[in-house]
Amino acid sequence: MSDAIALKLEQQDISAVAESNMTRYAVKVIADRAIPDARDGLKPVQRRILYTMHTEKLTPESKFVKVSTIAGLNMAYYHPHGQADGVVIDLSEQWSKRLPLSDTHGNNGGIDGSVAAAGRYVSARQTKAAQLFLNGLDKNAVPMVESYYAGKYEPTVLPAVLPAALVNGTSGIALGMKTDILPHNPIELLTAAKLLVEKPTATYSELAKIVKGPDFPTGGILIATQSQIIEDIEKGSTSFTVRGDVEIVTNKDESYLEITSVPWQVNTTKLIESIIKVGNSTSIVQVEDILNQVESHEDLSIKIILKKNTPEDKIRQFEALLYKKTDLEKKYRSHNLVIANGSPRVLGIKDHLQLVLDFRLETLKRIWEFEKNELQDRLELVEGLYRIHQGLPILDIIKSVKGGGRQGVVNCLINDHQFTERQANYIADMSVYRLSAENIEKSVAERATLKSNIIDRKLWLTDEDESKVKLLEDLDNSISVLVEYTRLTKVVSKVEDVKIEKVVEVVESKPRVVIVKKDLQACQMGTRAFESQKDSTDMSNVVQTLECKTDDYIVLLTRKGRAITRRVIDLENGNFTSTHPTFNKLIPTVTADDTLIGAVVVKDKSNVRLVSVSDRGYTKVIEPSKLLLNTNNRGYLKRSGQFSSAKNGEDEINHIFVVDKSKFDQTSIRFEVTHQKNANKTLELILDLKDVSHREDGAGGNGARHVNTWDGQRKILSSEVISNEDNED
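Remember, predicted model here, so these are calculated numbers, not experimental data.

**Q** Please clarify how the sheet that holds strand β12 (residues 287–292) should be interpreted in this entry.
**A** The strands that make up a sheet pair up through hydrogen bonds in the backbone, lying either parallel or antiparallel. One open sheet accounts for four strands, arranged β10-β11-β13-β12; its pairing is antiparallel. The two strands at the open ends of the sheet, each matched to only one other strand, are β10 (246–250) and β12. Along the sheet, successive strands turn relative to each other by an average axial angle of 15 degrees, direction set aside. Taken together, the five bridges between strand β11 (residues 255–259) and strand β13 (residues 302–306) define a ladder with antiparallel strand orientation. Within β13, the residue paired with Glu258 across the bridge is Lys303. Contacting β11, β12 and β13, helix α11 (residues 268–281) crosses the sheet at an angle of about 180 degrees to β12.

The following block contains the structure:
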């Protein structure tokens, strides 16, 4: 190791180094990645995308340019953290952005969750609204810093009239902090900003009359009290409930609900899936069909077709159930965390708007200062022309210059006639025709206009009242640009509380026999038909016949440990040879390679226990009621429970037995099994239920090994329940 390197090395505590590095990383993530700047309301990548479109002159009137081109230039010059095609497209999503800042040509996705095309297939440019964030960049409106690409500069913040985060909403997670800002109406924000300029002491209540709560691009109904809206304005941290718009139609010809808007950031495809689940699980109404007629967030229709002549009160109960069980009603929590004056702060709308107004006035003053300097530079040149207009014989002066060419003319004008260097060079470079009386006279009018404009800029820069007048004009101009962005979300303080009645289905109790078949089928049949057919029918596919009643609940059990809940009346009528939909087609968690091995009737306060034995000898003792799914709604018809985990698929249930718990001490189960080594030999194994009488297993788990099958090497051929007295014989 060289001495030079050794001198630079020093011993440091690793925890101190880690803490220092982590602190720098946290600051970088908070300030430069996840949390928006309070002034323009943009995250760095969004700001750089807009600036890239500005430098490429992608105005609303320009041609569209490929999104990949915009994102590529952004990555090359300003944003080193990867391709940002998604950001360009995200800024264009009209269903998620209240004020889209990029205008795309091509597939940019949809409210139904459809994915946007790749950036090479989509083109983009600025929207008119985007110019409210970019105007003044060419007039030194904001400080510029050198980007990571040498020779390129980027703005530290955009000269925005209003903050994008408050208009479009945003979310972000940094180290130890999170922001969730809801979208608001841009015209309301600008109008509230005008009130703060005219009346800085405006109260929260006065502002709440203008900013009436969040305004979502998807519309909907905002359920918010005045106190909640005031809390949003004061603290920037509150909660709101939003519902989609629903229309109800019921008459002798048709009955349906039509959803015409959804809450913000709700995927209509997933919403329809959840509506289907609710429709299948309720008895309040009968859903016959669901029509997905969603074209866009502006042309949205989801029609839920119900049985004709469904009473309106039942439809309203179903509507209330949809609000409760799906994202047709959604709760939002706002937490307006932004970077303000270099530090993360939670700002209420009033404080946020005041900060933006201060920033906007600062940018306007920078613009006025730039314009004043430009006007003064021009006035200096025009003053030279004005002297010519006053009678200075410029052509004679030029003719009198002996030698020296252009520089001789410049020197003569400076030394002999007291022109400034800029004036002299300007006149010397002018074509002779431009020195005509007609053109020189135009400079007189221009001189007066320039002086007037300079006086105006000086006044705006020095007089506070005049600067406020110009600030109000700026806000009015912005409102005129955004005049079409009227409020979309309706605001109500409360909604009708619809009570959802519990529907109790009355079923006449009649004796039936349930036929359980190996191939995942089950049906019910009458007792007389059963008695007449049982002796003359092939029973090879029948696992079990179960005497019960139409209003009983049963649990059907499979080899793979699944427990299927059915009310007897739910099963189709059939017989020993009839075919019915298999459970694997009705329930996603039941697989086609599974088989039924039995069933049990579930009774309240029953002393019956289900005893299961697996191929590998694991035994469980379960009270049947523990296996019954929630039957308060009909969702159980699409689900299955579990009565054994079957070693996570490494084992299967071989036999089940239904035994009275009070008789465990007198009962055993005899198994005939193959020999583990001699295939021609069989063995007899006895499971004394006295040994497992202490067990009260739940639906999960494998149980304990009480039958020695040599870990499945001994195959169970048959079994029977016997009394212990028979076993002794």
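**Q** Where do I start with the side chain of Thr550 in this structure?
**A** Within the secondary structure, Thr550 is located in the loop between β20 (542–549) and β21 (553–558). Relative accessible area serves as the criterion here: at 5%, Thr550 is assigned to the buried category. Filtering out sequence-adjacent residues up to four positions away, Thr550 remains in contact with Val507, Glu508, Ser509, Lys510, Arg512, Gln524, Arg567, Val568 and Ile569.

**Q** So what exactly am I meant to see when it comes to the sheet that holds strand β26 (residues 641–642) here?
**A** With antiparallel pairing, the four strands of this open sheet are ordered in space as β23-β21-β22-β26. Each end of this open sheet is capped by a strand with a single partner; those strands are β23 (596–602) and β26. In this sheet, strand β22 (residues 562–567) lies alongside β21 in antiparallel orientation, the contact comprising five bridges. Among the inter-strand pairings, Val555 is bridged to a residue of β22, identified as Thr565.

**Q** Honestly, the nonpolar core in this entry has me stumped. Any pointers?
**A** Across soluble globular proteins, nonpolar side chains show a tendency to be buried alongside one another. Within the largest apolar cluster, 79 residues are counted, with the highest numbers of intra-cluster contacts made by Ile49, Leu50, Leu101, Phe133, Leu475 and Leu482. Look past the residues within four positions of Leu101 in its chain and what remains in contact with it is Leu42, Leu50, Met53, Leu91, Arg125, Gln126, Thr127, Ala129, Ala130, Phe133 and Asn168. Core analysis: the second largest hydrophobic core is formed by 25 residues, Val262, Val285, Phe318 and Leu321 among them.

**Q** Any chance you could explain the pattern of salt bridges here in plain terms?
**A** Between side chains of opposite charge, a pair can form when the charged atoms approach closely. With the rule as written, the count across this model stands at 43 salt bridges. Between Asp476 and Lys194 there is a salt bridge whose closest N-O contact spans 2.7 Å. One end of the pair, Asp476, is in helix α18 (residues 464–481); the other, Lys194, is in helix α8 (residues 186–198), and 282 residues separate them in sequence.

What counts and what doesn't
Residues numbered from 1 in each chain as written. Predicted model: local features only at pLDDT ≥ 70, side-chain atom pairs only at ≥ 80, totals over all residues. Heavy atoms only, no water. Pairing = 2+ DSSP bridges. Helix = DSSP H or I, 4+ residues; strand = E, 2+ residues; numbered from the N terminus. Axes fitted to C-alpha atoms, helices over the stretch in contact; angles between N-to-C directions. Contact = heavy atoms within 4.5 Å. Buried < 20%, exposed > 50% of the residue type's maximum accessible area, 1.4 Å probe, protein only. Core = buried A, V, L, I, M, F, W, Y, C linked by side-chain atoms within 4.5 Å. Salt bridge = Lys/Arg side-chain N within 4 Å of Asp/Glu carboxyl O.

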